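The residues making up each chain are set out below.
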There are 2 protein chains.
Amino acid sequence: MQVSGGDLQRLRQLNSLSSIRALREARDPLTLTELSARTGLSRASVGDVVTDLEQRGWIAEERPAPGAMGRPAKRYRFRTDAGHVLGIDVGVHKVLAVITDLAGRVVASGRVAVDRHTAQRERLEAVWRAVDAALIAAGLTVADMWGVTAGTTGVVNREGLVTRVNDLPDWPGVDLVGHLGQRLPCPIAIENDSKLAALAEQRLGVAAGVQDLVYLHVGRRPGAALIIGGRLHHGFSGATGEVGLMEITGWSTMAGRLESGATAEGASPEEAARLVFGAARGGDPDAQAAVDAYARHLALGTAAMVLTLDPELVVLGGGFSRSADVLLPALRRALEPHCVRVPDVRPSTLGEECVALGGACLALDHVDDRFFSPAGSISSPAAPQRLT
Amino acid sequence: MQVSGGDLQRLRQLNSLSSIRALREARDPLTLTELSARTGLSRASVGDVVTDLEQRGWIAEERPAPGAMGRPAKRYRFRTDAGHVLGIDVGVHKVLAVITDLAGRVVASGRVAVDRHTAQRERLEAVWRAVDAALIAAGLTVADMWGVTAGTTGVVNREGLVTRVNDLPDWPGVDLVGHLGQRLPCPIAIENDSKLAALAEQRLGVAAGVQDLVYLHVGRRPGAALIIGGRLHHGFSGATGEVGLMEITGWSTMAGRLESGATAEGASPEEAARLVFGAARGGDPDAQAAVDAYARHLALGTAAMVLTLDPELVVLGGGFSRSADVLLPALRRALEPHCVRVPDVRPSTLGEECVALGGACLALDHVDDRFFSPAGSISSPAAPQRLT
């Protein structure tokens, strides 16, 4: 068999990729012998690859524990700090920017409070203040970011434009990608906030490892997002999980009826809902009936998605998930009569950071596609310099 | 860089895989120069690979057209006849076995009529008669089959057992995989019939190339199946597309009301439905009203799936799709008020063979996973001998 220069380069790249992948997936640092066993590469090839990857900043030698006897074999680990990504939640009430390493661990974040009356221009300025705060906290610059994904309320179409928004009248049509591109010289994506929250739960939260799940954003206006086959399901026009548009589900009006169960004068809708959940928790029969009615409506739309997809898991996220102790049993009961098999239902565990974290997860997916897939390019340009 | 024997073998396998893939994807036979350009391999490597693959039966030299002048460059094509798979439709009214080549082209088929009163044992015997007929017609034996997938009515769970069946009382629990394994020494799978029909439409029919689609099986009892991200969506327990279980859709009763619109005495339900569609086609206002009412119910369940998934396309299959000229415009009208974006709706084009064809497509997917993926083994044992 003849081996050309191009063949050799390709072989070297594939060997680098499989070594990086093995070191990323390993819980502990690996010796050259272990790495050779896991990749199927010869010991000699592994030695070459490791020297090259260490020089280029992708992997590092792990120091032996102090006091270790003799001369232990060298061990290597993937440098999760070789690169960083940025996840941004451009929400109605806050803008939150998180910077994570290549393992999705948050190294810094910045937050700016906004509200539903904040105008588009101020909201976009708040994005930069949150991003700058996160960068300062991390000791990094925009040039260190390998990718960024921002989450926004509303439907995001294939072209990355916000098309339909319920909460913010001046938000449809906003060009978030263009705005972020003014200062961030890396690949940029935007996505619907519930979709990113779903992805975060599947990568880092309560749904870790689950392949098919329905994420319910439960609050004043419920929404939903889908993970199918381990990937975020975007849909043809971005409008997935929109079962609440079927009038029979009652999703557009059910929160109002829940809140009307509260007796506190002048309470905001969110406070009123929290009071009702609290009273139900305390055993108040009227409040329990209001929660049950809310759960029955929630179950109608949820059943439509569960019967369509037969998912393994339903994750309860959004503001009302803080009252999951009351709402979750009611939802389970209400799903029973509709479903062939009621899937497991679990409350979200990631809390308020979930959208920004999901943005970081999606940016990491794109990093993976660019650098760590067989079609990717591990060699150019070298980490930990900026890779584009 | 050091290159070991193992490295060389791996390089050779990867080069073989990328050459096979390029030749499979090409419309026309390729010269060595073209193959080198498409794979990025050196001309010398391509020469080695082609010689090896031709010897092992994976590719063949294409004869130059008679009368071609001079000495044209040799051209090579992937041998789609290097292997065959078997798709079987174990239906209520028929058992149909099709044998296809590696491109999904039918080379032979065998069919046996059964009916809803055929007992399990006779239906299973009919499977062998249909398979034997197809093998004889193809001039092949069971040892030539690289894979088989059978489609069946009812829900098929992850373990490959039929769990819920509407039409055949003695069919739940039937072990089709075990039955087929008695004589077929290749990988065997079973799957729900509508799911296979959906896959066939996406690979060979009206939905070719569409990534996300909802397949509607419209008939006396409508059903549905999903293709998501280009792959068949099985669901956690196989029970996807079951929106008809929501009572508000009316899917369990709507056909009866359609048929009651027919005036022919003693007609079977299927004939009655056909008469109503025919009368509507002829402009009869009562028949048109009955079709509209059927379409409104069909649209309720379809909207639940469309709002969940936002698919590009809805395919209308099943017995009533023969009246798509009448039913399809009514369905489109009925979907309009429910959907944010009404997807394209098209009638199935594959007709009665769709389930068996879908079985062949799924068997081909499994062949791909075994032989043509980077993790697969192209080299052992050699085609066109039997590969397991």
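Residues numbered from 1 in each chain as written. Chains lettered and ligands numbered in written order. Predicted model: local features only at pLDDT ≥ 70, side-chain atom pairs only at ≥ 80, totals over all residues. Heavy atoms only, no water.

In the nomenclature of an unreviewed UniProt entry, chain A is known as ROK family protein of Nonomuraea spiralis. Listed under Sequence similarities (unreviewed entry) in UniProt, the entry text for chain A is "Belongs to the ROK (NagC/XylR) family." (UniProt positions renumbered as here; feature names shortened; annotations may be inferred.)

1. Focus on the relation of the copies chain B and chain A
When chain B is brought onto chain A, the operation consists of a screw motion whose angular component is 180 degrees and whose axial shift is 0.1 Å, with 0.1 Å RMSD remaining. The superposition of one copy onto the other is thereby described by a two-fold rotation axis. A share of 100% of interface residues in chain B that are also interface residues in chain A marks the association as one of identical surfaces. (Least-squares fit on C-alpha atoms with pLDDT ≥ 70 in both. Contact = heavy atoms within 4.5 Å.)

2. Side note on the domain arrangement of chain A
All names here are of chain A. Annotation of chain A at the domain level lists domain 1 (5-78), domain 2 (82-201 + 353-372) and domain 3 (209-349). With centres defined by C-alpha atoms, the gap from domain 2 to domain 3 works out at 26 Å. Facing the 17 residues of domain 2 at the interface are 19 residues of domain 3. Three residues stand out in domain 2 for area buried against domain 3, namely Arg158, Lys195 and Glu201, and they jointly supply 36% of the buried area on that side. For the pair domain 2 and domain 3, the number of links is two salt bridges. Residue Arg231 is joined to Asp369 by a salt bridge in which the shortest nitrogen-to-oxygen separation is 4.0 Å. (Domains from an automatic or database assignment. Buried area = accessible area lost by both parts, 1.4 Å probe. Salt bridge = Lys/Arg side-chain N within 4 Å of Asp/Glu carboxyl O.)

3. Looking at the packing of aromatic side chains
If you walk through the whole model with that rule in mind, you get twelve aromatic pairs over all chains. Ring plane angle 20 degrees and centroid distance 6.4 Å describe the contact between Trp58 of chain B and Phe78 of chain B, whose orientation is recorded as stacked. Residue Trp58 of chain B is located in the loop between helix 3 (43-55) and strand 2 (59-62), and its partner Phe78 of chain B is located in strand 3 (residues 75-78); the two are separated by 20 residues in the primary sequence. In this structure Phe78 of chain B comes out as buried when scored by relative accessible area, which is 7%. Counting every residue linked through ring pairs, the aromatic cluster contains Trp58, Phe78, Trp146 and Phe371 of chain A. Directly above the ring of Phe78 of chain B sits Arg24 of chain B, whose terminal nitrogen or CZ lies 5.4 Å from the centroid. (Phe/Tyr/Trp six-rings, centres within 6.5 Å; stacked < 30°, edge-to-face > 60°. Helix = DSSP H or I, 4+ residues; strand = E, 2+ residues; numbered from the N terminus. Buried < 20%, exposed > 50% of the residue type's maximum accessible area, 1.4 Å probe, protein only. Lys NZ or Arg CZ within 6 Å of the ring centre and 35° of its normal.)

4. Things to note about the UniProt feature "domain: HTH iclR-type" (unreviewed entry) in chain A
Listed under "domain: HTH iclR-type" (unreviewed entry) in the UniProt record, and renumbered for this structure, are residues 20-61 of chain A. As annotated, residues 20-61 of chain A has a helix share of 64% and a strand share of 12%, and its two end C-alpha atoms lie 13 Å apart.

5. Considering the nonpolar core
Counting residues in each nonpolar core, the largest one holds 84 residues, and the members touching the most others are Leu216 of chain A together with Leu216 of chain B. Apart from the residues within four sequence positions on either side, Leu216 of chain A is in contact with Gly223, Ala224, Trp251, Leu298, Thr302, Met305, Val314, Val315, Leu316, Gly317, Gly318 and Leu331 of chain A. Membership of the second largest hydrophobic core comes to 32 residues, among which are Ile88, Val114, Val156 and Trp171 of chain B. (Core = buried A, V, L, I, M, F, W, Y, C linked by side-chain atoms within 4.5 Å.)

6. Regarding the pattern of salt bridges
Residues and elements named next belong to chain A. Applying the stated criterion to the full structure yields 36 salt bridges over all chains. The shortest N-O distance in the salt bridge between Arg333 and Asp292 comes to 3.2 Å. Here Arg333, found in helix 10 (residues 324-335), pairs with Asp292, found in helix 9 (residues 285-309); they are 41 residues apart in sequence, far enough to count as distant. By relative accessible area, Asp292 is classed as partly exposed at 21%. Counted as one network, the salt bridges with shared partners bring together Arg121, Glu122 and Glu125.

7. Remarks on the environment of Val49 of chain A
All names here are of chain A. Tracing the backbone shows Val49 in helix 3 (residues 43-55). Given the relative accessible area of 5%, Val49 is considered buried. Separated by 246 residues in sequence, Val49 and Ala295 have C-alpha atoms that sit 56 Å apart.

8. Remarks on the interface of chain B and chain A
Between chain B and chain A, the contact holds 45 residues from the first and 45 residues from the second. Between chain B and chain A, roughly 4100 Å² of surface is buried when both sides are summed, and carbon and sulfur atoms account for 62% of that area. If you look at where chain B meets chain A, you find zero salt bridges. Inspection of the region where chain B meets chain A yields 18 residue pairs in polar contact (both at pLDDT 80 or more). Within the residue set of the side of chain B that touches chain A, elements represented by two or more residues are helix 1 (5-25), helix 3, strand 10 (223-228) and helix 9 (285-309) of chain B. If one sorts the elements of the side of chain B that touches chain A by residue count, helix 1 of chain B sits on top with eight residues. Among the residues making up the side of chain B that touches chain A, the classes are represented as 22 nonpolar, 13 polar and ten charged. (Polar contact = N/O pair within 3.5 Å; in protein donor to acceptor, adjacent residues only side chain to side chain. Nonpolar A, V, L, I, M, F, W, Y, C, P; charged D, E, K, R; others polar.)

9. Describing helix 6 (residues 193-204) of chain B
Residue and element names in this part refer to chain B. Here helix 6 is twelve residues long and its end C-alpha atoms lie 16 Å apart, about the 16 Å a rise of 1.5 Å per residue gives. The buried count for helix 6 comes to ten of twelve residues, which makes it a mostly enclosed element. All of the buried residues along helix 6 are Asp193, Ser194, Lys195, Leu196, Ala197, Ala198, Leu199, Ala200, Glu201 and Gln202. Where helix 6 starts, the residue carrying a side-chain oxygen 3.0 Å from the main-chain nitrogen of Ser194 turns out to be Asn192. (Expected span 1.5 Å × (residues − 1).)

10. Focus: the sheet that holds strand 3 of chain B
Backbone-to-backbone hydrogen bonds pair the strands of a sheet. The strands run either parallel or antiparallel. Residues and elements named next belong to chain B. Taken in spatial order, the three strands line up as 1-3-2 in an open sheet, and their pairing is antiparallel. The open sheet terminates on both sides in strands that have one partner only, identified here as strand 1 (30-31) and strand 2. Set on the sheet, helix 3 makes contact with strand 2 and strand 3; between it and strand 2 the angle comes to about 105 degrees. (Pairing = 2+ DSSP bridges. Axes fitted to C-alpha atoms, helices over the stretch in contact; angles between N-to-C directions.)

11. Quick word on the packing of helix 9 of chain A against helix 9 of chain B
One can describe the packing of helix 9 of chain A onto helix 9 of chain B by two numbers: an axis separation of 9 Å at closest approach and a directional angle of 90 degrees. Relative to helix 9 of chain B, the element helix 9 of chain A lies roughly perpendicular. In this structure, helix 9 of chain A uses Ala304, Met305, Thr308 and Leu309 of chain A to contact helix 9 of chain B, whose residues at the interface are Ala304, Met305, Thr308 and Leu309 of chain B. Here the residues of the contact of helix 9 of chain A with helix 9 of chain B sort into six nonpolar, two polar and no charged. (Parallel < 35°, antiparallel > 145°, perpendicular 65-115°, else oblique.)

12. Remarks on helix 10 (residues 324-335) of chain B
Residues and elements named next belong to chain B. Between the first and last C-alpha of helix 10 there are 15 Å, a value that for twelve residues agrees with the 16 Å anticipated at 1.5 Å per step. For helix 10, every residue scored as buried is listed here: Ala324, Val326, Leu327, Leu328, Ala330, Leu331, Ala334 and Leu335. On its buried face, helix 10 is in contact with strand 9 (213-217), helix 8 (269-281), helix 9, strand 12 (313-317) and strand 13 (344-347).

13. A look at the packing of helix 1 of chain B against helix 11 (residues 354-372) of chain B
Residue and element names in this part refer to chain B. Packing of helix 1 against helix 11 leaves a shortest axis separation of 11 Å and a crossing angle of 145 degrees. Between helix 1 and helix 11, the residues in contact are Leu17, Ile20, Arg21 and Arg24 and Asp368, Phe371 and Phe372, respectively. A breakdown of the residues in the contact of helix 1 with helix 11 according to their chemical character gives four nonpolar, no polar and three charged.

14. Points about the state of the cysteines
Two cysteines form a disulfide when their sulfur atoms are joined by a covalent bond. Residues and elements named next belong to chain A. Tallied over the entire structure, the rule returns zero disulfides over all chains. In this model Cys186 remains outside any disulfide bridge; the closest cysteine sulfur is found in Cys361, 16 Å from its own. Given a relative accessible area of 9%, Cys186 falls into the buried group. Between Cys354, a cysteine without a disulfide, and Cys361, which holds the nearest cysteine sulfur, the sulfur-to-sulfur distance is 11 Å. (Disulfide = S-S within 2.5 Å.)

15. Remarks on the pairing of strand 12 (residues 313-317) of chain A
It is a general feature of regular strands that their side chains alternate between the two faces of the sheet. All names here are of chain A. Along strand 12, five of the five residues are buried, which leaves the element largely enclosed by surrounding structure. In the sheet, strand 9 (residues 213-217) pairs with strand 12 via five bridges, with the strands oriented parallel. Looking at the pairing, Tyr215 lines up with Val315 of strand 12. Note that strand 12 and strand 13 (residues 344-347) share four bridges and pair parallel. Following the sheet pairing, Val315 is matched in strand 13 by Arg346. This β-α-β element, strand 12 to helix 10 to strand 13, shows right-handed connectivity. (Right-handed = clockwise from strand over helix to strand, strands pointing away.)

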